[in-house]
Number of protein chains: 2
Amino acid sequence: MTNKDVRTPASVQDEKSEEAGKSIGWHKAYVEGSRPDVRVPVRQVHLTNGQSVTLYDTSGPYTDPSADTDVRRGLSPLRENWIIARGDTEEYAGRPVRPEDDGVKHTSPRGGLRNLDAVFPGRPRQPRRGRSGQAVTQLAYARRGEITPEMEFVALRENVSPEVVREEIAAGRAVLPANVNHPEIEPMIIGKRFLVKVNANIGNSAVTSSIEEEVEKMTWATRWGADTVMDLSTGRNIHTTREWVLRNSPVPIGTVPLYQALEKVDGKAEELTWDIYKDTVIEQAEQGVDYMTVHAGVRLPYVPLTANRKTGIVSRGGSIMAAWCLAHHKESFLYENFEELCEILAAYDVTYSLGDGLRPGSIADANDEAQFAELKTLGELNRIAKRFHVQTMIEGPGHVPMHKIKENIDLQQEICDEAPFYTLGPLTTDIAPAYDHITSGIGAAMIAWWGTAMLCYVTPKEHLGLPNRDDVKTGVITYKIAAHAADLAKGHPGAQEWDDALSDARFEFRWEDQFNLALDPDTAREFHDETLPAEPAKTAHFCSMCGPKFCSMKISQDIRREHGGSRAEIEEGMAQKSQEFAAAGNRVYLPIAD
Amino acid sequence: MTNKDVRTPASVQDEKSEEAGKSIGWHKAYVEGSRPDVRVPVRQVHLTNGQSVTLYDTSGPYTDPSADTDVRRGLSPLRENWIIARGDTEEYAGRPVRPEDDGVKHTSPRGGLRNLDAVFPGRPRQPRRGRSGQAVTQLAYARRGEITPEMEFVALRENVSPEVVREEIAAGRAVLPANVNHPEIEPMIIGKRFLVKVNANIGNSAVTSSIEEEVEKMTWATRWGADTVMDLSTGRNIHTTREWVLRNSPVPIGTVPLYQALEKVDGKAEELTWDIYKDTVIEQAEQGVDYMTVHAGVRLPYVPLTANRKTGIVSRGGSIMAAWCLAHHKESFLYENFEELCEILAAYDVTYSLGDGLRPGSIADANDEAQFAELKTLGELNRIAKRFHVQTMIEGPGHVPMHKIKENIDLQQEICDEAPFYTLGPLTTDIAPAYDHITSGIGAAMIAWWGTAMLCYVTPKEHLGLPNRDDVKTGVITYKIAAHAADLAKGHPGAQEWDDALSDARFEFRWEDQFNLALDPDTAREFHDETLPAEPAKTAHFCSMCGPKFCSMKISQDIRREHGGSRAEIEEGMAQKSQEFAAAGNRVYLPIAD
């Protein structure tokens, strides 16, 4: 990756002119649904042969030249009318924002806020929730047989019928994370019958990165294909950063409320209480967080099961909860209060991401007793959540060697009634720090083929430090590869069209089309220009495969066209063509490597 | 990758001082066999806890401070005495080197040679071959029940008994590529019961790179773990470049003789003849090429089978042979003369790598009739080769979606009597030019788990241009990850020790040990230093996992140690410990991400 790849949201906007849109070979388009406000964004790639290819697009209005975006104002609330029209939610005063929400125990009330004038300056808003605590979730609607505009939106996006979307959500096999307080999102769905999704983690910490950087990381990640973004901030300005991210995010935002709760008690796990946690969940739900990781499966009796592990507990949330359980020698307050938590999440349509706090942190610890004990509890919690109509997905590992991966997805699907699995990698070996996007991309592709619905990316910096924007891009691209490889292997309808379009372009030496169809057009173009001459003729000579001018293919294609199917006919044609070939004095075009 | 990673063989030599060896945390060591000249190189990593870890080492004498290496002299002929002692080979005058061997049809006899004073200046040598054409192959010895020094060497290297090595070679399930004219190599073995191996391609072309660059690429690739190197040069100085590479290579060298043969007929496939090809094979065998890709499976009747493919024939060798077959409307001269070719290869112990000239070049073409028709012929040719005691491996695809990978290895193993499979990737999607090391690394890991013995690397430049040294490194590292992930999944004895050692170091915050145990210590260290403070205390605070100071693990470990195995005992201990924990006022150490 080079610095050329790094673009701020501002530079994304710079590209919005019609001219720029044309020169880069694609433009933002919309597929219209049954009503004018259901407009599904797509990336329309224009090929030099006059055809076009339509690709799934996660980049939001930022790549639409006609959209007037401004990070200080936030995105338009696309879903607001849908939510209001349902008539089952109400605005209310909401929880007052407190200094400690931004970690001001550590600093002066405003002194800690950095950049973008700190507090989000966009339109004033009041939080919204289900009337008298009723479940206003996509799951509840789906179970009642309703197809919401959100469901229609994702059906168009996935190229399936809205009824399939409704069925999968109703059965709990898919989730559509869409907090009623996050009307800015373009709805998306997570489930094994749909395209495999990718999550990118962002998040500031006490020593690095500003609010502005986090907002830019979010738009950067979605530009390259992130389907959701988790804000894992742990440092200062945690509330304000999240507000900026939410108001500008076209994709669902996930969080781990426990991280902020821990900040509120100055990092002392034993001082956590259910009340502090609950208050934090409400705070985040009112802001619009679409899904929350909840480590309610880390139960007191499971902690001793980690005693003989090589790397103990490696999940931050898991270790916080284990520390709390040990300090009080009590069952987890998350497990004990899970039903009340369900009621809160149902009122905002926050989706559960039941965390795997006891996931293995090394090859040696994969698929052990602690991990599977927690998984069993997640299955139990999943059934409780469903009673409250809360959409639920299940998080998975971690570090797992290839031969132990399938057991993870098979057990999860069985134990959790086919709830969507959301896995971190898994990393297939421990020996390659600085390349864990690759060690984990391998495992991610495999587990997604076998049924994982969403993959949490891993960047090259995993285990070593905080990812910068190059790392975010590398992580997203690697995981889009894994996800798409899985879509192909699952035989997802339409997935192969993308590969076919690129392979056709390759076969026909349409280099610009290859670049524009590539997951990362910039780097593909840069690599090509680095070593290959620009003139078309030389390009043909030094390409690493044989193109249309290569006689054997051309001749055999001609033959098949001319002589139909039977082997004898084709062979007769070949004898004929061989004479023409010799007469024409054709020579083989030379690729660079076998 | 940054320029810091780029090291020439000269800079490798600079590191040879004892002091440098210590500061980088590892040194070259040797495991001695039954005789003093069987000395197997290993990489001994010294941990800060006083322990050490022994890793497989492919880097050759260049990383041995006590070895006096000079690329102008070449490496010492380690195997020479073993070969002479067998008494079944003879030196002979050899084929005279002709101007056209270096492609001088295109240039003046010497004018084309660049750098390093062109012709290799090392010790004069005469070629060697089996007396009166007898088979002097490791396969022949293994079948006679002989354990050669080469077999003992690889047994020590792989940590198995020499008898296992002999058995696997005798059964044709493994090859030990070791031309009698390449005494410089440190023997290695390719077979599914052994560690998965990685090949790196190098090779100049008419417009890029000099002889010197190719020699440096070879030492660079082996430094990062390449087990064999293929010289795919197609431009000028093809003979001389190969001589430099062979004389300096500690690993087996593979080639595609057809490439040089085509140069000799000025790139006109139809002018190729069996005599020109045979002469080229002898030329290369006399130089010491250890294995040769032979596309003898591209038969005339299979060419029409590629007519309806999306990307036709993408193998360079395959397309050359298809062009020849079409031009003459004759059966392939490689197929027709295969037995004579076997006699030649047997006399030098050149190993066959039966090429997959009809491999798929796109997802759409995977596992098609053309591909599997050729595979069936490769099975037939494998059996012929074995009659002549020629060691044989089989090349495999290519572009294959994940769900079609297993069929490739299963069919190959069945059809080719378990001969070692040597695959290029496979690439699991076509949509990511510039990231095909990753699209293919996924497929490579999977197919190696299922039995592929050697993986041919793919670099980020695949489909786009010629790899530079950064690309070579990235390709090798990616494929070492795939190979090791497969070794783990196959349960290769000892493979997990490496992961365990690194995970232990991670758990105990031994950062230097993590770096030194990493596949790429330089990049791991660089990434760490980029974002994390250097002081040990801060390091602990901001690591992305929970370390030994984290109470829950420590406490539960203590408990397990103190109270033994039963759940009741542990729980009792936990109650006790929870009080101590509270009293100590411990707080959770905060990793950066969940």
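Residues numbered from 1 in each chain as written. Chains lettered and ligands numbered in written order. Predicted model: local features only at pLDDT ≥ 70, side-chain atom pairs only at ≥ 80, totals over all residues. Heavy atoms only, no water.

The name that an unreviewed UniProt entry assigns to chain A is Phosphomethylpyrimidine synthase, with the source organism given as Streptomyces rameus. Chain A has a UniProt comment under Sequence similarities (unreviewed entry) that states "Belongs to the ThiC family." Its UniProt record gives chain A the following Catalytic activity (unreviewed entry) comment, quoted word for word: "5-amino-1-(5-phospho-beta-D-ribosyl)imidazole + S-adenosyl-L-methionine = 4-amino-2-methyl-5-(phosphooxymethyl)pyrimidine + CO + 5'-deoxyadenosine + formate + L-methionine + 3 H(+)". (UniProt positions renumbered as here; feature names shortened; annotations may be inferred.)

Peer 1: So, the overall build of chain A: which residues are in play, and what are the values?
Peer 2: Tallying secondary structure elements over chain A gives 23 helices and 15 strands in all. Across chain A, contacts joining residues at least 24 apart in sequence account for 75% of those joining residues at least 6 apart. (Helix = DSSP H or I, 4+ residues; strand = E, 2+ residues; numbered from the N terminus. Contact = heavy atoms within 4.5 Å.)

Peer 1: Please provide a residue-by-residue account of helix H10 (residues 274-287) of chain A, values included.
Peer 2: One turn of the α-helix equals 3.6 residues, which is why residues spaced by three or four share an orientation. Residues and elements named next belong to chain A. With 14 residues, H10 extends 20 Å from end C-alpha to end C-alpha; this agrees with the ideal 20 Å at 1.5 Å per step. In terms of residue burial, H10 counts as a mostly covered element, since 10 of its 14 residues are buried. All of the buried residues along H10 are Trp274, Tyr277, Asp279, Thr280, Val281, Glu283, Gln284, Ala285, Glu286 and Gln287. Close packing links the buried residues of H10 with helix H8 (238-248), strand E10 (253-255), helix H9 (257-264), strand E11 (291-294), helix H12 (333-336) and helix H13 (338-348). (Expected span 1.5 Å × (residues − 1). Buried < 20%, exposed > 50% of the residue type's maximum accessible area, 1.4 Å probe, protein only.)

Peer 1: Account for unusual backbone geometry, with residues named and values stated.
Peer 2: With omega at 10°, the peptide bond leading from Gly425 of chain A into Pro426 of chain A counts as cis. At Asp417 of chain A, a position not held by glycine, the phi torsion is positive, near 50°. Considering the arrangement of structural elements, one finds Asp417 of chain A in the loop between helix H15 (405-415) and strand E14 (421-424). Unusually for a residue other than glycine, Glu418 of chain B sits at a positive phi of about 65°. The residue Glu418 of chain B is located in the loop between helix H15 (405-415) and strand E14 (421-424) in this model.

Peer 1: Can you explain the UniProt feature "domain: ThiC-associated" (unreviewed entry) in chain A? Please cite residues and give values.
Peer 2: The positions UniProt marks with the feature "domain: ThiC-associated" (unreviewed entry) are residues 27-90 of chain A. As annotated, residues 27-90 of chain A comprises 11% helix and 33% strand, and the C-alpha atoms at either end are separated by 38 Å.

Peer 1: So what's going on with H15 of chain A? Which residues, and what values?
Peer 2: Inspection of H15 of chain A places Ile405, Asn408, Ile409, Gln412, Gln413 and Ile415 of chain A among the buried residues, and these make up the whole buried set. Buried-residue contacts for H15 of chain A involve helix H14 (369-387), strand E13 (392-396), E14 and helix H16 (436-449) of chain A.

Peer 1: So, the pattern of salt bridges: which residues are in play, and what are the values?
Peer 2: Scanning the model with the defined rule gives 84 salt bridges over all chains in all. The salt bridge partner of Arg79 of chain A is Glu150 of chain A, with a shortest N-O separation of 3.0 Å. Note that Arg79 of chain A is positioned in the loop between strand E3 (52-56) and helix H3 (80-86) and Glu150 of chain A in helix H5 (residues 149-158), a separation of 71 residues in sequence. Relative accessible area serves as the criterion here: at 0%, Arg79 of chain A is assigned to the buried category. Taking the relative accessible area as the measure of exposure, Glu150 of chain A reaches 0% and is therefore buried. The shortest N-O distance in the salt bridge between Lys197 of chain B and Glu158 of chain B comes to 2.6 Å. Taken as a pair, Lys197 of chain B in strand E8 (residues 197-202) and Glu158 of chain B in helix H5 (residues 149-158) lie far apart in primary sequence, 39 residues in all. (Salt bridge = Lys/Arg side-chain N within 4 Å of Asp/Glu carboxyl O.)

Peer 1: If you had to explain the sheet that holds strand E1 (residues 26-32) of chain A to someone new, which residues and values would you point to?
Peer 2: Residue and element names in this part refer to chain A. One open sheet accounts for three strands, arranged E1-E2-E3; its pairing is antiparallel. Each edge of the open sheet is held by one strand with a lone partner, namely E1 and E3. Averaged over all pairs of adjacent strands, the angle between their axes in this sheet comes to 40°, without regard to strand direction. Strand direction decides the pairing type here: E1 and strand E2 (residues 39-46), joined by seven bridges, are antiparallel. Bridging from a neighbouring strand, Ala29 pairs with Val42 of E2. Packed on one face of the sheet, H5 meets E1, E2 and E3 and runs near 15° to E2. (Pairing = 2+ DSSP bridges. Axes fitted to C-alpha atoms, helices over the stretch in contact; angles between N-to-C directions.)

Peer 1: Give a description of the nonpolar core that names residues and reports values.
Peer 2: In this structure, Tyr277, Tyr352 and Met402 of chain A together with Tyr277, Tyr352 and Met402 of chain B are the most contacted members of the largest nonpolar core, which totals 282 residues. When neighbours within four sequence positions are excluded, Met402 of chain B is seen to be in contact with Ala445, Met446, Trp449, Ala485, Ala486 and Ala489 of chain A together with Thr428, Ile442 and Met446 of chain B. (Core = buried A, V, L, I, M, F, W, Y, C linked by side-chain atoms within 4.5 Å.)

Peer 1: Could you give an account of the pairing of strand E2 (residues 39-46) of chain B, with specific residues and numbers?
Peer 2: Residue and element names in this part refer to chain B. Counted residue by residue, E2 has six buried out of eight residues, so it is predominantly covered. Linkage of strand E1 (residues 26-32) to E2, two consecutive antiparallel strands, is achieved through a turn of six residues. Here five bridges tie E2 to strand E3 (residues 52-56), and the two strands are oriented antiparallel to one another. Bridging from a neighbouring strand, Gln44 pairs with Thr54 of E3. What sits between E2 and E3 in their antiparallel hairpin is a turn of five residues, with Gly50 showing a positive phi close to 90°.

Peer 1: Describe the pairing of strand E12 (residues 351-354) of chain A, listing the residues and the values that go with them.
Peer 2: Residue and element names in this part refer to chain A. Side chains of E12 alternate between two faces, with Thr351 and Ser353 and Tyr352 and Leu354 buried alike. Judged from the four bridges that link them, E11 and E12 form a sheet pairing that is parallel. Paired with Tyr291 across the strands is Thr351, a residue of E12. Bridge count between E12 and E13: three bridges; the pairing is parallel.

Peer 1: I'd like to hear about the sheet that holds strand E15 (residues 454-456) of chain A, residue by residue, with values.
Peer 2: What links the strands of a sheet is backbone hydrogen bonding, and the strands pair in either a parallel or an antiparallel sense. All names here are of chain A. Spatially, eight strands are ordered E8-E9-E10-E11-E12-E13-E14-E15 in a closed barrel, and the strand pairing comes out parallel. Pairs of neighbouring strands in the sheet enclose a mean axial angle of 25°, with direction left out of account. In the sheet, E10 pairs with E11 via two bridges, with the strands oriented parallel. Bridge pairing links Thr255 to Met292 in E11.

Peer 1: Let's hear about the packing of aromatic side chains: which residues, and what values?
Peer 2: Residues and elements named next belong to chain A. Across all of its chains, the model carries 20 aromatic pairs over all chains by this definition. Taken together, a centroid distance of 6.1 Å and an interplanar angle of 85° make the contact between Tyr291 and Tyr422 edge-to-face. Residue Tyr291 is located in strand E11, and its partner Tyr422 is located in strand E14; the two are separated by 131 residues in the primary sequence. Neither residue differs from the other here; Tyr291 and Tyr422 are each classed as buried. Aromatic pair Phe338 and Tyr352: ring centres 4.7 Å apart, planes at 15°, arrangement stacked. You can see Phe338 sitting in helix H13 and its partner Tyr352 sitting in strand E12, a full 14 residues away along the chain. (Phe/Tyr/Trp six-rings, centres within 6.5 Å; stacked < 30°, edge-to-face > 60°.)

Peer 1: Account for the packing of H13 of chain A against H14 of chain A, naming residues and giving values.
Peer 2: Residues and elements named next belong to chain A. Their axes nearest at 9 Å, the elements H13 and H14 cross at an angle of 45°. Here H13 is positioned oblique relative to H14, judged by the angle of their axes. Handedness of the H13/H14 crossing: right-handed. Contact residues: Phe338, Glu339 and Cys342 in H13; Leu381, Ile384, Ala385 and Arg387 in H14. In the contact of H13 with H14, the residues fall into five nonpolar, no polar and two charged. (Parallel < 35°, antiparallel > 145°, perpendicular 65-115°, else oblique. Left-handed = near helix turned anticlockwise from the far one by under 90°. Nonpolar A, V, L, I, M, F, W, Y, C, P; charged D, E, K, R; others polar.)

Peer 1: Can you lay out the confidence of the model for chain A for me, pointing to particular residues and giving the numbers?
Peer 2: Residue and element names in this part refer to chain A. Across chain A, pLDDT averages 86, with 82% of residues at or above 70. Scored below 50 in pLDDT, residues 106-117 shows 24 contacts in the model against residues more than four places distant or in partner chains. Among the prediction metrics, the complex's ipTM stands at 0.90, with pTM recorded as 0.91. (pLDDT = per-residue confidence, 0-100.)

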